[in-house]
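Examining the three-dimensional arrangement
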Amino acid sequence: MLLSSVRTTFFCGCRNAGKGLTLRHNSKSPQLRQWLVKRGQSTVTAEAGASSAPAASIVPNAATNRIVGRWLLGCSGLVVGAVVLGGVTRLTESGLSMVDWHLVREMKPPQSQAEWEAEFSKYQQFPEFKIMNHDMTLPEFKFIFYMEWGHRMWGRLVGLAYILPTIYFWRKGYLTRSMKGKVLGLCGFVFFQGLLGWYMVKSGLEEKPESYDIPRVSQYRLSAHLGSALLLYCASLWTGLTLLMPAHKVAETKRLMQLRRFAKGTGGLVFLTALSGAFVAGLDAGLVYNSFPKMGERWIPDDLLAFSPAVKNFFENPTTVQFDHRILGISSLTAVTGLYLFSRRMVLPRRAKIAISLLTAMAYGQVALGISTLLMYVPTPLAAVHQSGSVALLSLAIWVLAELRKMPK
């Protein structure tokens with residue numbers, strides 16, 4: 001900067017000197033005067049352009065927000081794939097087939113016959129093979145192994161989809177200060193999710209001499225694993241939608257604030273219902289009392305509070321867990337229906353009305369799927385569709401909340 005200033009001053013001085021020389025010698029050297037004037041103007045223009053160059057660097061704007069928003073929506077879609085694939089892995093009882101956890105080394109599955117036999121030999125040392133699958137063949141083992149391997153590789157894909165674009169967008173200047181904190185939190189949550197998944201699998205590999213039940217992962221760890229995945233999904237979807245969809249310019253009336261609170265409560269209930277499904281899956285609670293609306297011959301089964309202390313029933317008694325899931329599902333349907341009826345008496349933007357209508361239709365479809373899954377003794381394809389429906393319902397609830405959010409000040 002000092003050198004450029006000296007150069008500018010020098011040429012401006014030459015220009016002034018040229019003017020003075022011209023005045024002194026009248027018009028004896030007009031060519032010299034023109035050269036000095038043009039040289040001074042070009043130098044000043046070049047220096048001005050150089051000094052304004054840093055202002056042209058990329059700063060977050062509407063265009064970069066759209067790019068980041070689409071990236072986050074894509075990431076949320078990958079998380080949905082991980083949730084669905086994890087559910088299918090659980091339904092096919094494949095989750096305990098890989099007894100080791102290595103971040104890089106396990107990315108390559110066994111290739112030769114000897115490698116497959118070695119992997120199968122490791123699996124035979126754990127309770128699931130000894131108690132449930134003692135007559136399993138190597139081809140059958142390959143199927144459950146590839147199911148779990150695919151789920152783990154998908155999880156790594158999700159991690160890369162968050163981390164690599166974060167580095168790129170950070171370096172390009174696409175992220176605001178608040179957005180930097182959000183994406184760092186999402187990346188950290190992905191890493192935590194992977195560790196939690198292995199912590200869950202370990203619970204199913206432990207020897208339990210005092211228990212004669214079939215080996216399964218802890219329902220507490222399973223619900224934590226699913227719950228963290230749903231939180232990651234909701235945060236990514238919400239952030240992406242708020243970047244892509246501007247808030248509606250709607251007057252802040254009392255009824256609108258009531259509708260917004262109603263929608264938040266409904267969304268929370270939908271999330272809690274989806275989370276309770278992890279306890280149902282973890283305890284195979286869908287295989288008890290396969291009737292509806294009664295549970296067996298009763299509205300309230302006899303063994304609802306069979307465990308002591310009573311609070312233990314809500315997390316470890318399959319009957320109570322299924323009963324709770326039923327109640328939460330019916331409550332969610334009731335809340336969504338109430339939200340729809342309440343919104344019909346209000347003037348709302350067209351997009352918000354569409355979101356609420358789709359949420360209502362999906363809620364009825366999800367309840368129908370749940371009842372069908374129960375009555376048919378939890379067939380794998382139908383149960384997988386039911387689990388996917390819970391994520392779809394949660395997605396629509398997030399969309400409704402995004403449509404009803406306040407205008408930023």
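Everything numeric in this text was worked out from a predicted model, so none of it was measured.

Reading the values: the criteria
Residues numbered from 1 in each chain as written. Predicted model: local features only at pLDDT ≥ 70, side-chain atom pairs only at ≥ 80, totals over all residues. Heavy atoms only, no water. Patch = residues over 30% accessible without salt bridge, like charges linked within 9 Å, V, L, I, M, F, W, Y side chains within 5 Å. Areas by Shrake-Rupley, 256 points an atom, 1.4 Å probe, with all protein chains shown as cover. Salt bridge = Lys/Arg side-chain N within 4 Å of Asp/Glu carboxyl O. Lys, Arg positive; Asp, Glu negative; His and termini not counted. Charge placed at Lys NZ, Arg CZ, Asp CG, Glu CD. Helix = DSSP H or I, 4+ residues; strand = E, 2+ residues; numbered from the N terminus. Buried < 20%, exposed > 50% of the residue type's maximum accessible area, 1.4 Å probe, protein only. Expected span 1.5 Å × (residues − 1). Contact = heavy atoms within 4.5 Å. pLDDT = per-residue confidence, 0-100. Phe/Tyr/Trp six-rings, centres within 6.5 Å; stacked < 30°, edge-to-face > 60°.

Some remarks on a positive patch on the surface
- On the surface, K254, R261, K264 and K406 cluster together into a positively charged patch.
- The residue K254 is located in helix 9 (residues 254–282) in this model.
- Owing to a relative accessible area of 62%, K254 belongs among the exposed residues under this scheme.

A closer look at unusual backbone geometry
- The omega torsion across F292 and P293 is 5°, close enough to zero to call that bond cis.
- Relative to the elements of secondary structure, P293 occurs in the loop between helix 9 and helix 10 (313–316).
- With an omega of 0°, the peptide bond between S308 and P309 qualifies as cis.
- Within the secondary structure, P309 sits in the loop between helix 9 and helix 10.
- Phi at Y289 takes a positive value of approximately 55°, unusual for a residue other than glycine.

Overview of helix 12 (residues 350–375)
- Its 26 residues give helix 12 an end-to-end C-alpha distance of 38 Å, which sits within 8% of 38 Å, the value for a rise of 1.5 Å per residue.
- For helix 12, every residue scored as buried is listed here: A352, A355, I356, L359, T360, A363, Q366, G370, T373 and L374.
- Next to the buried residues of helix 12 lie helix 11 (318–344) and helix 13 (380–404).
- Among the residues trailing helix 12, Y377 stands out with phi positive, at a value near 60°.

A word on the confidence of the model for the protein chain
- Per-residue confidence for the protein chain gives a mean pLDDT of 86, with 84% of residues at or over 70.
- Per-residue pLDDT stays below 50 along residues 41–56; that stretch engages in 7 contacts with residues further than four places along the chain or on separate chains.

Some thoughts on the packing of aromatic side chains
- In this structure the tally under the stated criterion is 20 aromatic pairs.
- Ring geometry for W71 and F169: centres 5.3 Å apart, planes at 65°, overall edge-to-face. Linking W71 in helix 3 (residues 62–91) with F169 in helix 6 (residues 138–172), this pair joins segments that are 98 residues apart in sequence.
- Residue classification places W71 among the buried positions, given a relative accessible area of 11%.
- With centroids separated by 5.5 Å and ring planes inclined at 20°, the aromatic side chains of F169 and Y174 adopt a geometry described as stacked.

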